[in-house]
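# Secondary and tertiary structure notes
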Amino acid sequence: MSSEVVSLSLSPAEQKVVEGITQKKEEAKLAIKTILTLSTQKKEIPMLFVVGSRRFFMMKPNGKGVIEAHFMDLLEVVSTAPDELVMKFRTFTVKMNLPAPTNKVPEILALLWCMFYTTFPAPEAVAMFTAKFTLPPERLEQVKALAQVPAPGPCGSFSTAYHTMCDWLGIPVVAELTWDMDNLYSRTGFKDFDVNAFRRESISLNDIKPLTCALQYNNWFTTLNLKDFQLNRDGVVAVASVLRLNRHITKLVVSGCGISKETVEFLLEALVANKSSALTYLDLSSNPLEDKGLSSFGTSVAQMKIALNHLDISNCGGGRQGTSTALEGLTSNIGIVSSLTYLNLSNNNLFVEGSAALAKFIGTATALTTLNVSGSSPAYDIMKLSRSQSLRELDASNFHLFTGKTDTCGKFSAFLKCCERIEIVSLAKCQINLETLQALTTPDSKIMSLTSLNLSENDFGEDGIIHLCEVFSSHPALSHLSISKNFSKRTKVRGRMMTSLIQLIESDCPLTSLELEGNARGPLRGDLVPFLFSLIPNKTLTHLNISGNGVGDACAAILGRVLQANNTLKSLQWDDNLTTTKGFQYFARGLASNATLSLAPQPALDVSKEIAQIQPNYQLLLDTLAEIALYLSRNSGGGIPQPEARPAETSAARPKKVLVKKPKPLGIDTLSASKLFTQLEEFMSDGDGLPPMISASANTSTTTSSSSTTSTAANPAVAPLVSPPAARPRKGH
């Protein structure tokens, strides 16, 4: 890179020498000829001294013996007299005397100040490189006044610092990264540095060092996320350098980075050393720390001056010794005891020792609201000795709860009663059978005062669900219930179970969110139909998950009808229900007249299966899915264009509207599941295979129905919807 060289006392030949060097390296800011004393030669030598944009060059007047040094290698600048300058680099020291009229010491110092300030504009960085200047205070102020310092670049001049570090370390710049920083991050105000936001092939392990060096004094980014990016020893040391110096990073995620029980000590030492760290969120999960690493964490965390509010050390292979030492360290840190709100210990073994340490921490912590001990073998008979005034959410999943001699169920219930403010509990995958379920849901149980309960993937079956519906129908607080994947082979009480579920959502229980996800072992299939119909008049549920039940297009057709009348449901998951293109059309037409459903993730499994079956004729499917996405965006306030208006109908073709009474809550006693399903198939086979359209308003209690299939013939573009069986006579009547 070349430009006009600002030179002093240089002959034309010497100017050519300088230009030859700077053309290959970088732009020259100042070039002078002077007498230098190098520590490597210990004698005065006439040389050319060139100040570049990042480097200093020293060479003989004929261009030979070039010595260069990067400004990042500069350790100290000393100028005790106005015409003297000493620059101490890592490998050598250079001294020069510049008497008038060749005295350019102020200009050299000003250029050096610009190099630092342009690269690291953060206040703490300014303080760091100010300490490198040893000269009288009044002269330092003169240098600052003389320096023409530009305004900081985007993202705290990150790109400038990154380019400088790549130049210093001899590592190529990742252009994609710097472009995003200068054009996207700075404009959106995004302050999370996430390596996963870039193409993985663009970022290699070799790029971590310049990136972390650029982050050491950066005051823009508040998050450093390296999740699942495999780090070797040098990579961990590089991340530790950020933690040692940076005062603005509040969130660090190094989950699944391959940090070992040895290399984690670099991170811990850095956190202990940084007394001004702003870190509040630390995720060390899924690293093979084992007992040794967790013990080191416990020893170090006791000394840290950070106010952690989120700590995740799950899945680190910890045993009773490691987890107990880690918890003891947390308990001994007064700041963390009063600040930590989230603690994840899942998949580390607590046993007796770890449970005792956890009980002590729970009883001491004043801010802890969320605790995850999933799969950690806690000893609840020890943990029940503690009392928590703050814990609101507990994940106790993946632990066998049972009654009998050991009675882990009773011990868990006793611990739960010690958590006075507990509201949310997960007991998924706890092998809970009917007997254990009944013991958990006694009238005096803490379960009966929760607002959210996850009982998915247990063994209490259809009889257990009937029991839950009966006891929860008068539950005063329950708003979320998950009983997904509890359905096994169909039994004779399946119909009664569906009736109980319908009665539950119609009861006084304040349930707003229900998870009924099926699995390959026991999908509900057509048995779900009556429950779906009962959603038409429902005014309480806002979230529903019925994925994995294999109902078929009947599910989409009924949901379309539900959406025409229901103005409460806002979130829906319904994947893996064997929905075809026709089913998605039913759903889209119902969604067209709905104004509340705004979150319904695309049924990826059903879509992929349908595409595989109808290739290459899947354009209609894609168009229907795009239509669904537009309606969802509209309902969430996206302001999307409205669909095209239907062609005007003639008075002769327009069907007569028939007012129908608001459908009653549909249960098995009103109409059997098999009869509902039979009628539904008949509706879906009318005319062109689509049932007649039912017009409904989400804000009224009445619906309208077509009296014939004339409107479908007149307007084949309209995909009609199924109507509730009780609202329309059967075909042929």
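All of these numbers come straight from a predicted model, not from anything done at the bench. (Residues numbered from 1 in each chain as written. Predicted model: local features only at pLDDT ≥ 70, side-chain atom pairs only at ≥ 80, totals over all residues. Heavy atoms only, no water.)

### Concerning the overall build of the protein
For clarity, the cut-off: Going along the chain from the N terminus, every DSSP run of H or I of four or more residues is numbered as a helix, and every run of E of two or more is numbered as a strand. Three exposure classes are used, based on accessible area relative to the maximum for each residue type with a 1.4 Å probe and protein chains only: buried under 20%, partly exposed in between, and exposed over 50%. Only the protein chains shown count as cover for residues, and all accessible areas are computed by the Shrake-Rupley method using a 1.4 Å probe.
Helix and strand counts for the protein stand at 25 helices and 26 strands. Counting across all 733 residues of the protein, residues that qualify as buried make up 54%. Carbon and sulfur atoms provide 53% of the accessible area of the protein, an area that totals close to 31300 Å².

### Here's the deal with the nonpolar core
Counted only if it meets this: Take the buried residues of types Ala, Val, Leu, Ile, Met, Phe, Trp, Tyr and Cys, join any two whose side-chain atoms come within 4.5 Å, and each joined set is a nonpolar core. In this analysis, two residues are considered to be in contact whenever any of their non-hydrogen atoms come within 4.5 Å of each other.
Counting 195 residues, the largest nonpolar core has Phe158, Leu343, Leu427 and Phe531 as its most contacted members. In terms of residue count, helix α2 (residues 105–119) provides more of this core than any other element does, nine residues in total. Excluding its chain neighbours within four sequence positions, the residues that come into contact with Leu427 are Ala396, Ser397, Leu401, Phe412, Ile432, Leu440, Ile447, Asn454, Leu455 and Asn458.

### Quick notes on helix α21 (residues 581–592)
Counted only if it meets this: Here the expected length of a helix is defined as 1.5 Å per residue gap, with one fewer gap than residues.
Over its twelve residues, α21 runs 17 Å from end to end, which matches the ideal 16 Å to within 8%, given 1.5 Å per residue. Among the twelve residues in α21, ten count as buried, and that is most of the element. Those residues of α21 that sit buried are Thr581, Gly583, Phe584, Gln585, Tyr586, Phe587, Ala588, Arg589, Gly590 and Leu591.

### Things to note about the confidence of the model for the protein
To be explicit about the condition: Looking at any residue, its pLDDT shows the predictor's confidence there, from 0 to 100.
When the pLDDT values of the protein are averaged, the result is 85; 85% of them are 70 or greater. Long-range and interchain partners of residues 1–7, a stretch whose pLDDT sits below 50, account for 18 contacts in this model, where long-range means more than four residues apart.

### Notes on the side chain of Ser484
When you line up the elements, Ser484 lands in the loop between β20 (480–482) and α18 (494–505). Of the residues examined, Ser484 reaches a relative accessible area of 4% and is grouped as buried. Discounting chain neighbours no more than four positions away, the residues touching Ser484 are Ser456, Glu457, Glu515, Leu516 and Glu517.

### Section: unusual backbone geometry
At Ser157, a residue that is not glycine, the phi angle is positive and equals roughly 60°. You can see Ser157 is positioned in helix α5 (residues 154–169).

### Quick notes on the layout of surface pockets
Think of a ball as big as a water molecule: rolled over the atoms, this probe shows where empty space is left. Let me state the cut-off plainly: In the cavity and pocket records, a cavity denotes points on a 1 Å grid over the protein atoms alone where a 1.4 Å probe fits but cannot get out, a pocket denotes an open set with protein on both sides within 12 Å along at least 5 of 7 lines, and lining residues are residues with an atom within 4 Å of a point. Grid points are joined across faces, edges and corners, and a volume is the space filled by probe spheres set on the points. Each residue receives one of three labels: charged for Asp, Glu, Lys and Arg, nonpolar for Ala, Val, Leu, Ile, Met, Phe, Trp, Tyr, Cys and Pro, and polar for the others, Gly being one of them.
Considering only enclosed or pocket space, the second largest pocket measures out at about 570 Å³ in volume. In this structure, the second largest pocket is lined by 24 residues; those nearest its centre are Lys29, Gly52, Ser53, Leu111 and Met115. Only β2 (28–38), α2 and α5 provide two or more residues apiece to the lining of the second largest pocket. It is α2 that provides the largest number of residues to the lining of the second largest pocket, a total of seven residues. Broken down by class, the residue content of the lining of the second largest pocket amounts to nine nonpolar, seven polar and eight charged.

### Considerations on the packing of aromatic side chains
Worth spelling out the cut-off: Under the pairing criterion, centres of Phe, Tyr and Trp rings, with the six-membered ring standing for Trp, must be within 6.5 Å; the plane angle then separates stacked pairs below 30 degrees from edge-to-face pairs above 60, leaving the rest tilted.
Per the stated rule, a full pass over the model turns up 21 aromatic pairs. Arranged with centres 5.0 Å apart and planes meeting at 15°, the rings of Phe116 and Phe129 form a pair that is stacked. Taken together, the residues span a long stretch of sequence, with Phe116 in helix α2 and Phe129 in helix α3 (residues 123–130) at a distance of 13 residues. For Phe116, a relative accessible area of 2% gives the class buried. Under the relative-accessibility criterion, Phe129 is labelled buried at 0%. Taking the centre distance of 5.4 Å and the plane angle of 85° together, the rings of Phe193 and Phe221 count as edge-to-face.

### Examining the pairing of strand β7 (residues 84–89)
For the record, the criterion: Note on pairing: DSSP must find at least two bridges between two strands before they are called paired.
Bridge count for strand β6 (residues 74–78) against β7 is four bridges, and the pairing is antiparallel. Residue pairing across strands places Val77 opposite Met87, the latter belonging to β7. In this antiparallel pair of consecutive strands, β6 and β7, the connection spans five residues. As paired elements, β7 and strand β8 (residues 93–97) share five bridges and run antiparallel to each other. By the bridge assignment, Met87 is partnered in β8 with Val94. Between β7 and β8, which pair antiparallel one after the other, the connecting turn spans three residues.

### Thoughts on the environment of Ala238
Examined against the element boundaries, Ala238 turns out to sit in helix α8 (residues 233–245). Judged by relative accessible area, Ala238 falls into the buried class, the value being 8%. Residues Ala238 and Cys213, 25 residues apart in the sequence, show an inter-C-alpha distance of 7.4 Å. With sequence-adjacent residues up to four places away left out, Ala238 is seen in contact with Ile208, Lys209 and Thr212.

### What about the packing of helix α17 (residues 461–472) against α18?
Here is the rule: Here, axes are lines fitted to C-alpha atoms. For helices the fit covers the stretch in contact, and angles between N-to-C directions go from 0 to 180 degrees. Each angle is binned into one of four classes, with values under 35 degrees roughly parallel, values over 145 roughly antiparallel, values of 65 to 115 roughly perpendicular, and all other values oblique. Crossings are assigned a handedness: left-handed for a near helix turned anticlockwise from the far helix by less than a right angle, right-handed for a clockwise turn.
Across the interface, α17 lies against α18 with an axial gap of 9 Å and an inter-helix angle of 25°. Considering the angle they form, α17 stands roughly parallel to α18. In this structure, α17 crosses over α18, and the sense of that crossing is left-handed. Of the residues in α18, those touching α17 at Glu462, Ile465, Ile466, Cys469, Glu470 and Phe472 are Arg494, Arg496, Met497, Ser500, Leu501 and Leu504.

### Let's talk about the environment of Tyr117
Looking at the element boundaries, Tyr117 is found in helix α2. Given a relative accessible area of 25%, Tyr117 falls into the partly exposed group. Counting along the chain gives 30 residues from Tyr117 to Ala147, while the straight-line C-alpha distance between them is 9.8 Å. The contacts of Tyr117, once residues within four sequence positions are left out, are Val126, Phe129 and Val149.

### Re the side chain of Thr331
Relative to the assigned elements, Thr331 resides in helix α11 (residues 320–332). A relative accessible area of 16% means that Thr331 is categorised as buried. Here Thr331 is in contact with Val337, Ala357, Lys360, Phe361 and Thr364, once residues within four sequence places are set aside.

### Considering helix α23 (residues 619–635)
The test is simple: The arc in question is formed by the directions pointing from the helix axis toward the C-beta atoms.
With 17 residues, α23 extends 25 Å from end C-alpha to end C-alpha; this agrees with the ideal 24 Å at 1.5 Å per step. Listing the buried residues of α23 in full gives Leu621, Thr624, Leu625, Glu627, Ile628, Tyr631, Leu632 and Asn635. Down the axis of α23, the buried side of the element spans an arc of 155°, and every buried residue falls inside it. For α23, the elements touching its buried residues are α21 and α22 (604–614). Backbone geometry just after α23 places Gly637 at a positive phi near 90°.

### Observations regarding the pattern of salt bridges
Applied cut-off: A carboxyl oxygen of Asp or Glu within 4 Å of a side-chain nitrogen of Lys or Arg is what we treat as a salt bridge.
A complete count under the given rule lists 19 salt bridges for this structure. When the shortest N-O distance is used, the salt bridge between Asp167 and Arg55 registers 2.6 Å. Pair noted here: Asp167 is in helix α5 and Arg55 is in strand β4 (residues 55–59), with a separation of 112 residues, a long-range link. By relative accessible area, Arg55 is classed as buried at 13%. Lys88 is the partner of Glu76 in a salt bridge, and the nearest nitrogen-oxygen pair spans 3.5 Å. With Glu76 in strand β6 and Lys88 in strand β7, the pair connects residues that are twelve residues apart, well separated along the chain.

### Remarks on the pairing of strand β3 (residues 44–52)
The buried count for β3 comes to seven of nine residues, which makes it a mostly enclosed element. Pairing of β2 with β3 involves nine bridges; the strand directions are antiparallel. If you follow Ala31 over to β3, its bridge partner there is Val50. Counting the residues in the hairpin turn of β2 and β3 gives five residues, including Lys42, whose phi is positive at 55°.

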